Amino acid sequence: MTTYETLDLQSRVARYETALDELRSAHHDVRAVLQDQVLYERWQQIGTELGFIGSANGQPQDLQALSQQIPQMSESWAS
């Protein structure tokens with residue numbers, strides 16, 4: 001193997017290692033986003049099961065209605 005071929009091979013290996021590091025980083029980022037989304041959806045599902053109701057924009061619909069739900073939820077949790 002000539003010096004030129006050795007340098008070319010080293011250059012290609014360095015590019016490969018850089019690409020692999022970028023791929024790992026992208027994989028980690030995508031995984032984190034997906035986990036956050038799954039956890040958020042599960043959090044919303046649990047909230048719905050517990051009787052917390054939100055409007056389309058995620059804000060409580062009516063504070064008085066929520067205030068009326070609190071004793072009912074407390075009773076259900078106590079049993």
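Above: the structure in question.
Quick look at the structure, then.

Rules and cut-offs
- Residues numbered from 1 in each chain as written.
- Predicted model: local features only at pLDDT ≥ 70, side-chain atom pairs only at ≥ 80, totals over all residues.
- Heavy atoms only, no water.
- Helix = DSSP H or I, 4+ residues; strand = E, 2+ residues; numbered from the N terminus.
- Buried < 20%, exposed > 50% of the residue type's maximum accessible area, 1.4 Å probe, protein only.
- Salt bridge = Lys/Arg side-chain N within 4 Å of Asp/Glu carboxyl O.
- Expected span 1.5 Å × (residues − 1).
- Phe/Tyr/Trp six-rings, centres within 6.5 Å; stacked < 30°, edge-to-face > 60°.

Attention now moves to the overall build of the protein chain. Along its length, the protein chain carries two helices and zero strands. By residue count, 4% of the 79 residues in the protein chain fall in the buried class.

Before going further, it helps to spend a moment on the pattern of salt bridges. Counted according to the given criterion, the structure contains one salt bridge. In this structure, the salt-bridge partner of Asp-8 is Arg-12, at a minimum N-O distance of 3.1 Å. Of this pair, Asp-8 and Arg-12 are both found in helix H1 (residues 3–49), four residues apart, which corresponds to roughly one turn of the helix.

A few words now on H1. With 47 residues, H1 ought to run about 69 Å at 1.5 Å a step, and its terminal C-alpha atoms sit 68 Å apart, in line with that. Following H1 by one or two positions, Gly-51 has its phi on the positive side, about 100 degrees.

On inspection of all chains with the given rule, the structure shows one aromatic pair. A centroid spacing of 5.5 Å and a plane angle of 35 degrees characterise the contact between Tyr-40 and Trp-43, whose relative ring orientation is tilted. One end of the pair, Tyr-40, and the other, Trp-43, are both in helix H1, three residues apart, so they sit about a helical turn from each other. On the basis of relative accessible area, Tyr-40 is assigned to the partly exposed category, the value being 41%. Relative accessible area serves as the criterion here: at 60%, Trp-43 is assigned to the exposed category.

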